[in-house]
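# Per-entry structural report
As a plain string of letters, each chain reads:
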Amino acid sequence: MNTSIVIADDHPLMLRGLTDFLTSKGYNIIGSAEDGKTAYNLIIKLKPTIAILDIRMPFKTGLEIAEDCKKNALDTKVILITFDKEEEVYDKAIEFGVYGYILKEFAIEEIETCISQVVTGKPYFSEEIASYLNASTLENKPETLDLLTKSELRIVKLISENKTSQDIADELSISIRTVDKHRSNIVHKLNLDNRPTSLSIWATLNKKFL
């Protein structure tokens, strides 16, 4: 397994626990840090496939690192681990193109699934955070759903189940080009930005309305 990973957390126990766990599973941990500045320098120097970052760290937060990675077009995909369930923090993570968002209490349980999805370019967000945000901020069905056709709704539903474009094409017996055309129409109708992860995240957050 050649997925190279840098891990940063200012809690030494958490850092060691996660490092030991992932190493035992065969992942290639090429660096670790206890503060954000060191973590960011490691990302620049070592260019890992993935950086697993605590959100709250001295000198530089996980969010600030994600922002810098995006600004400087670094290829490293960021996964944030956190106790934060605030909508504002989550929104910032989405804005900075974060690929994974895991609550610390589920980190060990979810991290492998998260990494395997992120490596293939698919975002992974703790179901706990999605359902918490659903409960606290999405009581009403989004009006934008009414703009979608039946076919588009079926596709969004399949996206919310983490299906790839190829999976969707196979399931609906249509070509990948047709799926991609639908996806781009859906993104336009929902007024989402064009990042590859935006539609997946929107679909996950609105799963219960689909």
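A brief look at the structure comes next. (Residues numbered from 1 in each chain as written. Predicted model: local features only at pLDDT ≥ 70, side-chain atom pairs only at ≥ 80, totals over all residues. Heavy atoms only, no water.)

Turning our attention to the sheet that holds strand β6 (residues 124-125). The strand order β2-β1-β3-β4-β5-β6 describes an open sheet built from 6 strands, whose pairing is parallel. One side of each edge strand has no neighbouring strand; the edge strands of this open sheet are β2 (28-33) and β6. Relative to strand β3 (residues 50-54), strand β1 (residues 4-8) runs parallel, the two sharing 4 bridges. Within the sheet, the bridge partner assigned to Val6 lies in β3 and is Ala51. Each of β1, β3, β4 (77-82), β5 (100-103) and β6 touches helix α5 (residues 107-119); the most contacted strand, β5, lies at about 175 degrees to it. (Pairing = 2+ DSSP bridges. Helix = DSSP H or I, 4+ residues; strand = E, 2+ residues; numbered from the N terminus. Contact = heavy atoms within 4.5 Å. Axes fitted to C-alpha atoms, helices over the stretch in contact; angles between N-to-C directions.)

Here we take up the pairing of β2. As defined by bridge partners, β1 adjoins β2 across 5 bridges and the pair is classed as parallel. Each bridged residue has a counterpart across the sheet, and for Ile5 the counterpart in β2 is Ile29. Crossover handedness for the path β1 to helix α1 (residues 12-24) to β2: right-handed. (Right-handed = clockwise from strand over helix to strand, strands pointing away.)

Let us look at the side chain of Lys104. Within the secondary structure, Lys104 is located in the loop between β5 and α5. The buried category is assigned to Lys104, whose relative accessible area is 7%. With sequence-adjacent residues up to four places away left out, Lys104 is seen in contact with Asp9, His11, Met14, Asp54, Ile81, Thr82 and Phe83. (Buried < 20%, exposed > 50% of the residue type's maximum accessible area, 1.4 Å probe, protein only.)

A general trend in soluble globular proteins is that nonpolar side chains are found buried together. Core analysis: the biggest nonpolar cluster contains 29 residues, and Leu53, Ile65, Val78, Leu80, Tyr90, Tyr101 and Phe125 have the highest contact counts within it. Taken together, the elements giving at least two residues each to this core come down to β1, α2 (36-46), β3, α3 (62-71), β4, α4 (87-95), β5 and α10 (198-205). With sequence-adjacent residues up to four places away left out, Leu53 is seen in contact with Ala8, Ala39, Ile43, Gly62, Ile65, Val78, Ile79, Leu80 and Ile81. Ile7, Leu18, Ile50 and Tyr124 belong to the second-largest nonpolar core, a separate cluster that totals 20 residues. (Core = buried A, V, L, I, M, F, W, Y, C linked by side-chain atoms within 4.5 Å.)

Our next topic: the pattern of salt bridges. As enumerated under the stated definition, the model contains 10 salt bridges in all. A salt bridge links Glu112 to Lys25, with the shortest nitrogen-to-oxygen separation between them at 4.0 Å. One end of the pair, Glu112, is in helix α5; the other, Lys25, is in the loop between α1 and β2, and 87 residues separate them in sequence. Accessibility expressed as a relative area gives 29% for Glu112, which makes it partly exposed. Given the relative accessible area of 39%, Lys25 is considered partly exposed. One salt bridge in this structure joins Asp54 and Lys104, with 3.3 Å as the shortest N-O distance. (Salt bridge = Lys/Arg side-chain N within 4 Å of Asp/Glu carboxyl O.)

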